[in-house]
Structures are given as structure tokens and as C-alpha cells.
Amino acid sequence: ARNKNNEAIALFDKMAKHLAFSVFNTAELLNINNIMLCGEMFDYSELFLDTFYREINALKTDKSVKFSIADVKNAATGAAMIGINRTTLNF
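Just so it is clear, the model here is predicted, and its values are computed rather than measured.

Peer 1: Any chance you could explain the overall build of the protein chain here in plain terms?
Peer 2: Scanning the protein chain for helices and strands turns up three helices and two strands. When the helices and strands of the protein chain are placed in sequence order, the string is α-β-α-β-α. Sorting the 91 residues of the protein chain into buried and exposed places 25% on the buried side. Here the contacts in the protein chain between residues at least 6 apart in sequence split such that 75% fall between residues at least 24 apart. A total accessible area of about 6500 Å² is found for the protein chain, and carbon and sulfur atoms account for 55% of it.

What follows is the structure in C-alpha cells.
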């Protein structure tokens, strides 16, 4: 995809659409307003993030869901970071 291979670009677009749909449904189901995206796939974010945001914005017109991207490679680490942040803000 980075070498402008159209088939690879199409796969990233398809993945971004599925990811956006999954994230949107999860946010709606659990009433989540802040989402941290992280993991190894974000090493390739320049290949799909625009499509992801476009799809999310098409699904969620009120723009209430906010995203941040962490450079951690492990989703569990990202979840722990959120927990630490919430815990320290309550003191």
C-alpha cells in the first residue's frame, strides 16, 4: 500500500471501514465518548486513518466521540493507561 499498490490500498480502505463500524457500534453500545486507539496496526495509520475518520463521522453525526492515538503496541497497555488516568484524576 505504501508503494501505491491499488489492491493493497483497497484492503486498507476496507479494513478502515470495518474498524470504524466496529468502534462506532462499541461506543454506542457502551455509551463511550473517549476512545484510545493503539496497537501495531497504527504503524500503518497513514494508510487508513483518513478513511476511518471519514466513516466514523458519517456514522456519528453529533461528533461526540473523541479519539486519541497512543504509540503503545499493546492494547492492554493502552487500557491500563486509561485506568491510571481515571484513577489519578479522582484524587
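Peer 1: Would you mind going over the packing of aromatic side chains with me for this structure?
Peer 2: Two measures describe an aromatic ring pair: the distance that separates the ring centres and the angle between the ring planes. Evaluated as defined, the whole model comprises three aromatic pairs. Counting every residue linked through ring pairs, the aromatic cluster contains F12, Y44 and F48.

Peer 1: Quick question: what am I supposed to make of the nonpolar core here?
Peer 2: In a soluble, globular protein the nonpolar side chains are often hidden away together inside. Core analysis: the biggest nonpolar cluster contains 14 residues, and V23, I35, F48, F52 and I56 have the highest contact counts within it. Among the elements that take part in this core, helix α1 (residues 6-30) stands out by supplying six residues, more than any other. When near neighbours in sequence (up to four residues on either side) are disregarded, F52 contacts A16, L19, A20, V23, L37 and F67.

Peer 1: What am I meant to see in the side chain of T51 here?
Peer 2: As for its position among the elements, T51 is in helix α2 (residues 49-59). Setting aside chain neighbours within four positions, we find T51 in contact with D13, A16 and K17.

Peer 1: Can you walk me through the confidence of the model for the protein chain in this structure?
Peer 2: As a note on interpretation, predicted positions should not be read in detail where pLDDT is low. On average, residues of the protein chain carry a pLDDT of 82, and 86% of them reach 70 or more. The least confident element of the protein chain, judged by mean pLDDT, is helix α3 (residues 75-89) at 70; the most confident is α1 at 91.

Peer 1: Could you clarify how one ought to interpret the pattern of salt bridges in this entry?
Peer 2: Once the charged atoms of two side chains with opposite charge are near each other, the side chains can pair. Under the definition given, this model contains one salt bridge. Where R2 meets E46, a salt bridge forms, and the shortest distance between an N and an O atom there is 2.5 Å. Note that R2 is positioned in the segment before α1 and E46 in the loop between β1 (34-37) and α2, a separation of 44 residues in sequence.

Peer 1: Explanation requested: unusual backbone geometry in the structure shown.
Peer 2: Among all residues save glycine, negative phi is the norm, and among peptide bonds the norm is trans. Even without a glycine there, the phi angle at K4 is positive, about 70 degrees. Residue position: K4 is located in the segment before α1. Positive phi values are uncommon outside glycine, yet N31 reaches one of about 55 degrees. Among the secondary structure elements, N31 is positioned in the loop between α1 and β1. A residue is classified by how much of its surface remains accessible, and N31, at 63% relative accessible area, is exposed.

What counts, and at which threshold
Residues numbered from 1 in each chain as written. Predicted model: local features only at pLDDT ≥ 70, side-chain atom pairs only at ≥ 80, totals over all residues. Heavy atoms only, no water. Helix = DSSP H or I, 4+ residues; strand = E, 2+ residues; numbered from the N terminus. Buried < 20%, exposed > 50% of the residue type's maximum accessible area, 1.4 Å probe, protein only. Contact = heavy atoms within 4.5 Å. Areas by Shrake-Rupley, 256 points an atom, 1.4 Å probe, with all protein chains shown as cover. Phe/Tyr/Trp six-rings, centres within 6.5 Å; stacked < 30°, edge-to-face > 60°. Core = buried A, V, L, I, M, F, W, Y, C linked by side-chain atoms within 4.5 Å. pLDDT = per-residue confidence, 0-100. Salt bridge = Lys/Arg side-chain N within 4 Å of Asp/Glu carboxyl O.

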